[in-house]
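Per-entry structural report
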Amino acid sequence: MSDNLSTKYNPQEVEAGRYQKWLDEDLFKPSGDKKAKPYSIVIPPPNVTGKLHLGHAWDTTLQDMIIRQKRMQGFDTLWLPGMDHAGIATQAKVEEKLREQGISRYDLGREKFVENVWDWKEEYADHIRQQWAKMGLSLDYSRERFTLDDGLSEAVRKVFVTLYEKDLIYRGEYIINWDPQARTALSDIEVIHKDIEGAFYHMTYPLSDGTGELEIATTRPETMLGDTAVAVHPDDERYQEYIGKTVTLPLVNKEIPIIADEYVDREFGTGVVKITPAHDPNDFEVGNRHNLPRINVMNDDGTMNELAGKYAEMDRFEARKLIVSDLKEMGRLVKVEKMNHNVGHSERTGVVVEPRLSTQWFVKMAPLAKEAIENQATDDAVDFYPPRFNQTFLRWMDNVHDWVISRQLWWGHQIPAWYHKETGEMYVGMQAPVDSENWVQDPDVLDTWFSSALWPFSTMGWPDTNSEDYKRYFPTNTLVTGYDIIFFWVSRMIFQSLEFTGERPFNNVLIHGLIRDEQGRKMSKSLGNGIDPMDVIDKYGADALRWFLSNGSAPGQDVRFSYEKMDAAWNFINKIWNASRFVLMNVEGMTARDIQLEGEKTVADRWILTRLNETVEKVTDLFDRFEFGEAGRQLYNFIWDDFCDWYIEMSKEVLYGEDEGSKQMNKSILVYTLDQILRLLHPIMPFVTEEIWSKLPHEGQSLVTAAYPVVHEEFNDAAAVKGMEFLIELIRAVRNIRSEVNTPLSKPVTLLIHTTDKEIDEFLVANKNYIERFCNPEELVISGEIEAPELAMSAVLTGAKIYLPLAGLINIDEELQRLEKELAKWNSEVKRVQGKLANERFVANAPEAVVAEEREKEADYLDKQKAVAERIEQLRTIK
């Protein structure tokens, strides 16, 4: 055994160099034991766009806890790391950096620009690895993957070509969400809707025959330049005579038809709507039904194009102002009605999204969604924790639209489609055509989520289904992720995996919430309330942050970060550190062979081993159900209350005594219990547990690969638990009474214990040394024959009454008030339990053991109610 712990817990000292030592010893790689059951997790790959945030810290802490526990339980574990190229996000960051240098991507050209992005990727990937190390994540770096590496790129091409050949990928002209800053298409879930101030612009279109005019309203007047019809409802009596006529489009001076279509809401506005098939998804469908032309009046950067006439080259919002002004001057502007409305914004750049006609690549979602939905009704369903998120998944899959997968970017997987330079013929394949000089590849890249949807199996070597990792570790066991990307990522992994491997990608999905600030607000740059997890680690250590994150909330719930909670986490570790120092100082020179648990034990020894068993059983079960918050509560209560506050204190009675046999047993149990505590805690706080464990007498290389605790039935002792619970209740009652009359523990007092149960009487007599140590009685009497003193403070326990004669210190009126409150408590408990037992449905349906337990409570509460009432009557008589 090496030197004892330093006098003060210092996380920086404890954590320094430890991670590298684990890596040097290859402790995070799979065991290679083919007899062991495999357990695998793939990390949700962070984007190579910057630093990891607290959400990443939470997400990866939970994964590390799972994989560390499974590794200790003897599973052949793989936790595979990797990163996502994050097309739009990364390209936007690099373009922003170039803009600061006065350069655009077009100045560099595609090839040179992509080289710049690769440089960025290498720099930020290294940052991320450093942060993973600081968090203590037990990742197998030998298997690290990147969504643009060669293996994953092959998987992406394979999936694209296969879906295309199955007619599940197609190319078409549709209205899509367009980001004018990034100049790319967006899928529906990459659009964030925000309420902003806008307006309804009411204007009139004159009938071409000069007989009148129709009033319409729009929130986007600039799109009127692309109008190709106005529409009314076919059953709207107000406009029957106008159907088939034409109006003259103001500003453009072009005749467009008046059509009838059921899309029009007769009750909304005037019942007349403008139809702009190239700039609105609903108008696009109306245009298809009526064979209307599609006129796109905008460039891809949000400026007006040559079809916008005098407004060409103007920004869309500047053009809006001028168009409204021109309509007013013409006498065609009726009114401007201010209103708040819900407008789509790009998730990545923040600009207002423009619905825009564009030729894009799409995935046909209906058959893929159907397969995913049907699978959730089978034994091979993906299990969501909490289960309510299964409904979230199913609802989204049930209402999913075709997925636009092409992006007008340079960073990403370029679409494996080529067009012949002369004939325009299209070719889709894994490789470029043989006569590639006659073909040009589609310049678009695939949506980032297209490649990350393949992550659980592409990282394992697929499409090579003979890959050793694919055969052993796929499907993976558990995915840990936030509820905000169920749609983006979880759903896509499920349907792609079912389609290409015939299996679910993971057995379980553990969904956690978001980390919010102390006021419950989402952390954001605009609010300035973001917290860098690395700063938290610098102050409190990784273990304290991990403890806070593991105990923050139940699955699926948000958690509020606060420095007060971080202080509490640090204090808990410090408590463990100090308790460990006490143990180590008292077992100096002891070796693993000296730890003997067979032989005579005190009631405290038998109790702590039983409580350890109970804790192991509960924590293991709670981990299996991903109830980490409750697991943490069980660990905290056992370590702080049972081990530190009671067992260690009771150990001093033996350690400072003369019985060498009892001392040796006590030391063995101290070491053994601390060893088991450290193993239980290791998945949550790996650094400090490894540091302490390295000082204990043990066999084994590292706590990382040490065996996880299991229940030892031979240690269970119900009588010891019952006895200790009584003893603790008694000691607390005496201390409470002393506190109430300001009598310090250092001052000896007379303690009378009137026993009403022979078993308790014998137990107390046998263990009176503990009562003497913790209650400091000047005189201790334990008997069934004690008469209640007149002037004494009292407490009623199950099977005994305690009296502390405190003549001169007791105030009878105050003691009566205290007893009246206690009587009220027991009256309430009696009423509650009797009400429960009077409920025929409860008695008939509840398990027999539960009903029996309630009957025992009733008897106990009635005894206490009676004893307190008698004591009140006695004091009133004295008074």
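Here, residues in each chain are numbered from 1, in the same order as that chain's written sequence. For this predicted model, a pLDDT threshold of at least 70 governs which residues receive local features, and a threshold of 80 or more governs which side-chain atom pairs are given and counted, while totals over whole chains, interfaces and linings are taken from all residues. Each side-chain value is worked out from all heavy atoms of the structure, with water and hydrogens disregarded.

1. Some details on the overall build of the protein
Which entries qualify depends on this criterion: For helices the rule is a DSSP run of H or I covering at least 4 residues; for strands it is a run of E covering at least 2, with both sets numbered from the N terminus onward. The buried label goes to any residue with under 20% of its type's maximum accessible area, the exposed label to any with over 50%, and the partly exposed label to all in between, with areas taken from a 1.4 Å probe on protein chains only. Every residue pair with non-hydrogen atoms within 4.5 Å of one another is taken to be in contact. Only the protein chains shown count as covering a residue, and every accessible area follows the Shrake-Rupley method with a 1.4 Å probe.
When you go through the protein residue by residue, the secondary structure sums to 28 helices and 29 strands. Considering only C-alpha atoms, the protein reaches an extent of 115 × 65 × 55 Å along its principal axes. The buried share among the 879 residues of the protein stands at 55%. Summarising the internal contacts of the protein: among those between residues at least 6 apart in sequence, 77% fall at separations of at least 24. Of the accessible surface of the protein, which amounts to about 39,100 Å², a share of 46% is contributed by carbon and sulfur atoms.

2. A look at the packing of helix α20 (residues 628-655) against helix α21 (residues 660-681)
Going by this rule: Only the contacting stretch of a helix is used when fitting its axis, a line to C-alpha atoms as for every element, and angles between N-to-C directions run 0 to 180 degrees. Note on angle classes: values under 35 degrees are labelled roughly parallel, values over 145 roughly antiparallel, values of 65 to 115 roughly perpendicular, and the remainder oblique. Handedness of each helix crossing follows the sense of rotation of the near helix against the far helix: counterclockwise by less than a right angle gives left-handed, clockwise gives right-handed. Each residue receives one of three labels: charged for Asp, Glu, Lys and Arg, nonpolar for Ala, Val, Leu, Ile, Met, Phe, Trp, Tyr, Cys and Pro, and polar for the others, Gly being one of them.
Between α20 and α21, the shortest axis-to-axis distance is 11 Å and the interhelical angle comes to 165°. Accordingly, the angle class assigned to the pair α20 and α21 is roughly antiparallel. Relative to α21, the crossing made by α20 is left-handed. Across the interface between the two elements, Leu635, Phe638, Ile639, Phe643, Tyr647, Ile648, Ser651, Val654 and Leu655 from α20 touch Ser662, Lys663, Asn666, Lys667, Ile669, Leu670, Thr673, Leu674, Ile677, Leu680 and Leu681 from α21. Along the lines of polarity and charge, the residues of the contact of α20 with α21 split into 14 nonpolar, four polar and two charged.

3. Some thoughts on helix α24 (residues 758-766)
Convention followed: The reported arc concerns the directions from the helix axis to the C-beta atoms and nothing else. Within 3.5 Å is the distance limit for a polar contact, defined as a pair of N or O atoms, with the added protein rule that one can donate a hydrogen and the other accept it, and that residues adjacent in sequence qualify only through two side-chain atoms.
Within α24, the full set of buried residues consists of Ile760, Asp761, Phe763 and Leu764. Viewed along the axis of α24, the buried residues span an arc of 165°, placing them on a single side of the element. Across from the buried face of α24, at angles greater than 90 degrees, the exposed residues are Lys758, Glu759 and Ala766. Close packing links the buried residues of α24 with α19 (603-624), α23 (718-740), β26 (749-755), α25 (768-775) and β27 (777-783). Measuring from the side-chain oxygen of the N-cap residue of α24 to the backbone nitrogen of Glu759 gives 2.8 Å; that N-cap residue is Asp757.

4. A short note on the sheet that holds strand β9 (residues 229-232)
Strands pair in a sheet through their backbones, by hydrogen bonds, and they do so in one of two ways: parallel or antiparallel. Operational definition: In this description, strands pair whenever DSSP reports at least two bridges between them.
If you walk across this open sheet you meet the four strands as β10-β11-β9-β12, and the pairing is mixed. Each edge of the open sheet is held by one strand with a lone partner, namely β10 (246-249) and β12 (272-275). Each strand axis lies, on average, 35° off the axis of its neighbour in the sheet, ignoring direction.

5. Quick look at the pairing of strand β11 (residues 254-260)
Summarising the sheet, β9 and β11 pair through three bridges and their orientation is parallel. Pairing of Val230 across the sheet is with Ile258, part of β11. Of the pairings in the sheet, the one linking β10 to β11 comprises four bridges and is antiparallel in character. What sits directly across from Val247, in β11, is Ile256. The antiparallel pairing of β10 with β11 creates a hairpin that spans four residues between the two strands, and Leu251 there sits at a positive phi of about 75°.

6. Regarding the packing of helix α17 (residues 542-550) against helix α22 (residues 686-693)
Put simply, α17 and α22 touch, their axes get as near as 7 Å, and they point 125° apart. Put simply, α17 runs oblique to α22. The segment α17 lies against α22, with Ala542, Asp543 and Arg546 engaging Pro686, Phe687 and Val688. Of the residues assigned to the contact of α17 with α22, the class counts are four nonpolar, no polar and two charged.

7. Here's the deal with the nonpolar core
What counts is decided by this rule: Think of a nonpolar core as a cluster: buried Ala, Val, Leu, Ile, Met, Phe, Trp, Tyr and Cys residues, connected wherever their side-chain atoms sit within 4.5 Å.
Core analysis: the largest hydrophobic core is formed by 145 residues, its most contacted members being Phe643, Leu730 and Leu764. Per-element tally for this core: the top contributor is α20, with 12 residues. Leave out the neighbours within four places in its chain, and Leu764 touches Phe726, Leu727, Leu730, Ile753, Thr755, Ile771 and Ile782. Listed in part, the 57 residues of the second largest apolar core include Leu80, Val156, Val161 and Leu368.

8. A look at the environment of Val324
Here Val324 lies in helix α9 (residues 316-330). Judged by its relative accessible area of 14%, Val324 is buried. Spatially, the C-alpha atom of Val324 lies 9.8 Å from that of His202, the residues being 122 residues apart in sequence. Residue contacts for Val324: discarding those within four places in its chain leaves Tyr201, Pro221 and Leu333.

9. Quick notes on helix α4 (residues 87-100)
The line we're drawing: Helices are assigned an expected span. That span is 1.5 Å times one less than the residue count.
Helix length check: α4 (14 residues) gives 20 Å between terminal C-alpha atoms against 20 Å at 1.5 Å per residue, within 8%. The set of residues buried in α4 consists of Gly87, Ile88, Ala89, Thr90, Gln91, Val94, Glu95 and Leu98. Once α4 finishes, Gly102 follows within two positions and takes phi at roughly 75°, a positive value.

10. Examining the domain arrangement of the protein
Applied cut-off: An automatic or database domain assignment provides the domain bounds reported here.
Split by domain assignment, the protein resolves into domain 1 (184-355), domain 2 (406-446), domain 3 (563-716), domain 4 (737-805) and domain 5 (812-877). One C-alpha centre belongs to domain 2, the other to domain 4, and the line joining them spans 89 Å.

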